[in-house]
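# Secondary and tertiary structure notes
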Amino acid sequence: MKKKSVGMMVVILSLLISMLAACASNNNTPENTAGGKETPSPSAVESKTPAAGKTTVNFWHSMSGNNGEYIDKMIKAYNASQDKVEVIGTFQGNYQETLTKLQQAVPAKTAPDISMLERAFVPLLAEAEVLADLNPLLASTGMSEDDFLPGLLGNVKFNGQLNALPFNRSTPLLHINKTMLDEKGLKIPTTWEELETVANALVIKENGEYKRYGYTMPYASWYPIAMIVQQKGAFFNEEGTGMGFDQEGVAAFEFLKKMQSTGALYYPRGRIPAIL
Amino acid sequence: MNSKWRYGVAGISVALKSVVLLIFLFPFVWMITTSLKTFPETMIFPPKLLPALPQWSNFVTAMQSGPFLTYTKNSIIVTLSIIVIQMLVMIPAAYAFAKYKFRGQHFFFALVLLAFMIPGQVTFIPIYLMLADWGLVHTLWPQILPFAANAFGIFLLRQYFMQVPSEIIESARLDNANEFTIMRKIMVPMSIPALATIGLFSFVSHWNDYFWPLVMTDSTGVRPLTIGIAMLRETEGISNWHIIMAGNVVLVVPILLVYLFCSKQIVKAFVYSGIK
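Residues numbered from 1 in each chain as written. Chains lettered and ligands numbered in written order. Predicted model: local features only at pLDDT ≥ 70, side-chain atom pairs only at ≥ 80, totals over all residues.

## Brief notes about the overall build of chain B
For chain B, the helix and strand inventory stands at 14 helices and 0 strands. Against the globule reference of 19 Å for 276 residues, chain B gives a C-alpha radius of gyration of 23 Å, more extended than a compact globule. Judged by the C-alpha coordinates and their principal axes, chain B covers about 75 × 70 × 30 Å. Counting only residues that meet the buried cut, chain B has 33% of its 276 residues in that class. Pairs at least 24 apart in sequence give 77% of the contacts found in chain B among residues at least 6 apart. (Helix = DSSP H or I, 4+ residues; strand = E, 2+ residues; numbered from the N terminus. Rg over C-alpha atoms; globule rule 2.2 N^0.38 Å. Buried ≥ 20, exposed ≤ 12 C-beta atoms within 10 Å, placed from the backbone. Contact = placed C-beta atoms within 7 Å.)

Here is the structure:
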């Protein structure tokens, strides 16, 4: 967190990568991230006026529920760690709603200093040139882009500027059932081919009905994008004016379709996540 | 034979009404029972209607998850102010449109109808920019002022006022009543059902409104209950439905209470206009 620049119009936007579901509560993934029982701490950082001499930094985010509590804890810990800067975090609705709010706040000059922004929305605001270039700010504190994992720096650089930083980039995890893998003497898959073999080996089909599927994952745009990039393709071309892939997309979807046709891949039914 | 036929019709009518009643009541029942469940009870399949042991602590958890006292206070102030201001604007406006002949009458009434037809999603950005320019974004005014004139209310009340015989107004004028006395002593008492209906619609729509307060407010201190409850949802993954439902019960109780007191008047409003 940097000191507030005098030109308040400049919005510094930290990059936010959404998980598949941007809207709250529309997710059918089996992981239970909300089973915690502890009493939630006040999930809104009070917008009290900070003590004199402190710089106020407004931070907009899209985290509610447990994630909202975690982010409040981070803000509180940071505010307690020093006495120069007071960060005020405010929930601004889901990712789309936060974008809407930013789009109206920028011309109204009420925009925050820092905001979470879903990765797909970064180019929109970067092209409007309302995002600050973070490179000079990083340099002024002895940091640079190189301090971040290169894999997390996609969708953050535009026109030679660093317009966002990775904050909560989504990372898919592979959950395995070790008992089932051991039963069949299978190893944890690490490539497409291995995934296909392992998933097919786990399928149980009785009387034309699948009793057990091999593998499942939610459908969201960034899964196929990852598969395209894994084949050295690019989703957008270098100028950002069109598609940057051709046969890579065909290969990705043919692979998924082939997996699905044998029960190796199961796409859960449910609402399609809002951000695709 | 004839009476049998009549009993049959009555039976069908009762059966149909029961079905409709069930359809309308079930979500409420489900909300209330869910608000008393434990987290695992909200997840089991097949779902059970009733919790094994009512978990009243869910309400405490929901209310402690944020500054709910502030949210409730804001909701009450905003909703009541809107209704009061709307009445002050609506009654003279409807009276003028119903009982006066003036130049541009049709043009101005067309303007009212136009305002009635334009949805908030179209106007919120210019309104936000204007109110930000006036420095009101961190107050409750952006949630109140834009609703000062209730176009739907003016329209409905005008229809109602037009049914009041002009002779009554003329005889009041002969008794030296001024326009405000006429409104207070004649128009308003004769249209209580219409005013109650408009007031209730206003109350429900503003009490439950999520979109408008979200886009109009940037800080926690001026936000209403609906946003507090939206913040109970999980950004990603499975939400704590029992806590969310506890919050919803709290949100809905005032509406049910108001409706209990107003329902007779509302039925009257529709019956009255039906006879005419």
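That shown, we press on.
## Some words on the overall build of chain A
Within chain A, the regular secondary structure consists of 8 helices and 10 strands. Looking at the 276 residues of chain A, the share that counts as buried comes to 32%.

## Some thoughts on the nonpolar core
In terms of nonpolar packing, the biggest core is built from 24 residues, with Tyr 128, Val 215, Ile 229, Met 231, Leu 232, Ile 243 and Ile 244 of chain B touching the most fellow members. Among the elements of the structure, helix 6 (120–133), helix 12 (211–216), helix 13 (225–230) and helix 14 (241–275) of chain B are those that each provide at least two residues to this core. For this core, the element with the most residues is helix 14 of chain B, which contributes 5 residues. Each residue touching Ile 244 of chain B, except ones within four places of it in the same chain, is listed here: Ile 229, Leu 232, Arg 233 and Ser 239 of chain B. Counting residues in hydrophobic clusters, the runner-up holds 23 residues, among them Ile 88, Ala 111, Val 122 and Ala 126 of chain A. (Core = buried A, V, L, I, M, F, W, Y, C linked by C-beta atoms within 7 Å.)

## Regarding unusual backbone geometry
Of all residues except glycine, most have a negative phi; of all peptide bonds, most are trans. With omega at -5°, the peptide bond leading from Phe 45 of chain B into Pro 46 of chain B counts as cis. Residue placement: Pro 46 of chain B occurs in the loop between helix 2 (39–43) and helix 3 (57–64). Unusually for a residue other than glycine, Asn 159 of chain A sits at a positive phi of about 50°. Relative to the assigned elements, Asn 159 of chain A resides in the loop between strand 5 (157–158) and strand 6 (161–162). On the basis of neighbour count, Asn 159 of chain A is assigned to the exposed category, with 10 C-beta atoms found within 10 Å. Positive phi is not limited to glycine here, since Asn 207 of chain A has a value of about 50°. Asn 207 of chain A sits in the exposed class, given 5 other C-beta atoms within 10 Å.

## Some details on the environment of Val 204 of chain B
Residues and elements named next belong to chain B. Topologically, Val 204 is positioned in helix 11 (residues 192–207). Judged by local crowding, Val 204 falls into the partly exposed class, with 15 C-beta atoms found within 10 Å. Sequence-wise, Val 204 and Leu 232 are 28 residues apart; in three dimensions their C-alpha atoms are separated by 21 Å.

## A few points about the pairing of strand 3 (residues 85–91) of chain A
Residues and elements named next belong to chain A. Here strand 2 (residues 55–61) runs beside strand 3; their pairing, made up of 7 bridges, is parallel. Counted as the bridge partner of Asn 58 is Ile 88 from strand 3. Note on the crossover from strand 2 through helix 1 (residues 65–81) to strand 3: the handedness is right-handed. (Pairing = 2+ DSSP bridges. Right-handed = clockwise from strand over helix to strand, strands pointing away.)

## Description of helix 8 (residues 247–261) of chain A
Residues and elements named next belong to chain A. Relative to the 21 Å expected for 15 residues at 1.5 Å per residue, helix 8 spans 21 Å between its end C-alpha atoms, a close match to the ideal helical length. When helix 8 is considered as a whole, its buried residues turn out to be Glu 248, Ala 252 and Met 259. Burial along helix 8 is one-sided: seen end-on, the buried residues are contained in an arc of 40°. Within helix 8, the exposed residues directed more than 90 degrees away from the buried face are Gln 247, Val 250, Glu 254, Lys 257 and Ser 261. Against helix 6 (192–202), helix 7 (222–230) and strand 10 (265–266) lie the buried residues of helix 8. Positive phi shows up at Gly 263, right after helix 8, with a value of about 80°. (Expected span 1.5 Å × (residues − 1). Arc of directions from axis to C-beta.)

## Some words on the confidence of the model for chain B
Summary statistics for chain B give a mean pLDDT of 89 and a share of 97% for residues scoring 70 or more. The ipTM, which scores confidence in the relative placement of chains, is 0.79 for this predicted complex, and the corresponding pTM is 0.77. (pLDDT = per-residue confidence, 0-100.)

## A few points about the environment of Asn 58 of chain B
All names here are of chain B. Turning to its location among the elements, Asn 58 is positioned in helix 3. On a C-alpha basis, the gap between Asn 58 and Thr 38 in space is 8.3 Å, while along the polypeptide they are 20 residues apart. Apart from the residues lying within four places of it in its own chain, the contact partners of Asn 58 are Ser 35, Leu 36, His 242, Ile 243 and Ala 246.

## Notes on the pairing of strand 8 (residues 209–212) of chain A
Residue and element names in this part refer to chain A. Pairing between strand 7 (residues 204–206) and strand 8: 3 bridges, direction antiparallel. The partner of Lys 205 across the bridge, within strand 8, is Tyr 210. Hairpin remark: strand 7 followed by strand 8, antiparallel, with 2 residues in the connecting loop; positive phi at Asn 207, about 50°.

## Side note on the packing of helix 5 (residues 105–117) of chain B against helix 8 (residues 151–162) of chain B
Relative orientation and spacing of two packed helices are given, respectively, by the angle between their axes and the distance between those axes. All names here are of chain B. For the pair helix 5 and helix 8, the least separation of the axes is 8 Å and the interaxial angle reads 130°. When the interaxial angle is binned, helix 5 and helix 8 end up oblique. Seen along the crossing, helix 5 lies across helix 8 with a hand that is left-handed. Residues Val 112, Leu 113, Ala 115 and Phe 116 of helix 5 form the contact with helix 8, whose own contacting residues are Ala 151, Phe 152, Ile 154 and Phe 155. Looking at side-chain class alone, the contact of helix 5 with helix 8 contains 8 nonpolar, no polar and no charged residues. (Axes fitted to C-alpha atoms, helices over the stretch in contact; angles between N-to-C directions. Parallel < 35°, antiparallel > 145°, perpendicular 65-115°, else oblique. Left-handed = near helix turned anticlockwise from the far one by under 90°. Nonpolar A, V, L, I, M, F, W, Y, C, P; charged D, E, K, R; others polar.)

## Considerations on helix 11 of chain B
End to end, helix 11 of chain B covers 21 Å across 16 residues, agreeing with the expected 22 Å (1.5 Å per residue, within 8%). Buried within helix 11 of chain B are the following residues: Pro 193, Ala 194, Leu 195, Thr 197, Ile 198, Gly 199, Leu 200, Ser 202, His 206 and Trp 207 of chain B.

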